[in-house]
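Inside the fold
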Amino acid sequence: MIHTVKLGETLTQISKDYRTPLSAIISANPALNPNVIYPGQSIVIPGFPPPHTISYQIEVSINNRWLRLLKDGVLQKQYPIAVGKILHETPLGNFIIINKAPNPGGPFGTMWMSLSKEHYGIHGTNDPSSIGKAVSRGCIRMFNRDVEELASILPIGTAVFIHP
């Protein structure tokens, strides 16, 4: 997996976002000066499959409140979602799914899939009436049956593109 550094990112935060030890990132990038990274720089994140080996992608529209499952660029299914509220907006950009946790408990419903941005994920809900609204703390909420179906299909490393 190759991460492209964004303005303001630090190597420590990138390490946290991918839940990958800083030492592993430094080892995977022998030419990297860990004290000097810059926007646009490519950094290898070890432990994830190369993106071209995964045929699935996720596209999320914040404004339309849908999540689309694509396979080789072809729409397979569209799901209704809830998104972040004002002051806790869902982050925009390109991410990957880095892990899955069934039955995380509480407001996260029956499935949690972490995104490569610390504290954010795609998850179920214990409040199905929230779907279709801007009510979360930035995560993408789905009906439990939908997120379970999605998690059963997607491999770790699946690309997630979130846009307005």
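We now examine helix H3 (residues 144-153). Along H3, the residues classified as buried are Asp 146, Val 147, Leu 150 and Ala 151. With its buried residues spanning 130° around the axis, H3 presents them on a single face. For H3, the exposed residues lying more than 90 degrees away from the buried face are Arg 145 and Ser 152. Where the residues of H3 are buried, they touch strand S3 (56-61), strand S4 (66-71), strand S5 (74-80), strand S7 (93-102), strand S8 (111-115) and strand S9 (121-123).

Residue placement: Val 74 occurs in strand S5. In this structure Val 74 comes out as partly exposed when scored by relative accessible area, which is 49%. In this structure, the C-alpha to C-alpha distance between Val 74 and Ala 101, residues 27 residues apart in sequence, is 27 Å.

The next thing to look at is the packing of aromatic side chains. By convention here, two paired aromatic rings are described through the distance between centres and the angle between planes. As enumerated under the stated definition, the model contains two aromatic pairs in all. The side chain of Arg 68 reaches across the aromatic face of Trp 66, ending 3.7 Å from its centre. The ring of Phe 143 has Arg 145 lying over it, and the distance from NZ or CZ to the ring centre is 4.9 Å.

Moving on, we get to the sheet that holds S3. Read across the sheet, eight strands follow the order S5-S4-S3-S12-S7-S8-S9-S11 without closing on themselves; strand pairing throughout is mixed. At either margin of the open sheet sits one strand with a lone partner, and together these are S5 and strand S11 (140-141). Relative to S5, S4 is paired through six bridges, and the arrangement is antiparallel. What sits directly across from Leu 70, in S5, is Leu 75.

With that settled, the discussion passes to the nonpolar core. In terms of nonpolar packing, the biggest core is built from 25 residues, with Val 60, Leu 67, Met 113 and Leu 150 touching the most fellow members. Breaking this core down by element, the ones donating at least two residues are S3, S4, S7, S8, H3 and strand S12 (159-163). What Met 113 contacts, discounting residues up to four positions off in sequence, is Ile 97, Asn 99, Lys 100, Gly 121, Ile 122, Val 147, Leu 150, Ala 151 and Leu 154. Counting residues in each nonpolar core, the second largest holds twelve residues, with Val 5, Leu 11, Ile 43 and Phe 48 among its members.

The next thing to look at is the environment of Asn 99. You can see Asn 99 is positioned in strand S7. Note: C-alpha distance between Asn 99 and Ala 24 (75 residues apart in sequence) is 18 Å. Look past the residues within four positions of Asn 99 in its chain and what remains in contact with it is Trp 112, Met 113, Ser 114 and Ile 156. At a separation of 2.7 Å, a polar atom in the side chain of Asn 99 contacts the side chain of Ser 114.

Let's shift gears to the pairing of S4. Bridge count for S3 against S4 is six bridges, and the pairing is antiparallel. What sits directly across from Tyr 56, in S4, is Lys 71. Here S3 folds back onto S4, and the loop between the two strands holds four residues, one of which, Arg 65, carries a positive phi near 55°. Hairpin geometry of S4 and S5 is characterised by an intervening segment of two residues between the two adjacent antiparallel strands and by a positive phi of about 50° at Asp 72.

Parameters and conventions
Per chain, residue numbering runs from 1 following the sequence as it is written. Note on the predicted model: pLDDT of at least 70 is required for a residue's local features to be given, and 80 or more for side-chain atom pairs to be given and counted; whole-chain, interface and lining totals, by contrast, use all residues. Computation of side-chain values: all heavy atoms of the structure, hydrogens and water removed. Exposure categories follow from relative accessible area, calculated using a 1.4 Å probe and restricted to protein chains: below 20% of the type maximum is buried, above 50% is exposed, and the middle band is partly exposed. Secondary structure follows DSSP: runs of H or I at least 4 residues long count as helices, runs of E at least 2 residues long count as strands, and numbering of each begins at the N terminus. By definition, the arc is the one covered by directions from the helix axis to the C-beta atoms. Here a residue-residue contact requires only that any non-hydrogen atoms of the pair lie within 4.5 Å. Classification of ring pairs rests on two measures: the distance between centres of Phe, Tyr or Trp rings, Trp counted by its six-membered ring, which must be within 6.5 Å, and the angle between planes, read as stacked under 30 degrees, edge-to-face over 60 and tilted in between. Only when the NZ atom of a Lys or the CZ atom of an Arg is both within 6 Å of the ring centre and within 35 degrees of the ring normal do we say a charge sits over the ring. When DSSP finds at least two bridges between two strands, those strands are taken to pair. Nonpolar cores were defined as sets of buried Ala, Val, Leu, Ile, Met, Phe, Trp, Tyr and Cys residues, with membership established by side-chain atoms within 4.5 Å. Two N or O atoms count as a polar contact when they lie within 3.5 Å, although within protein this holds only if one can serve as hydrogen donor and the other as acceptor, and sequence-adjacent residues are included solely when both atoms are side-chain atoms.

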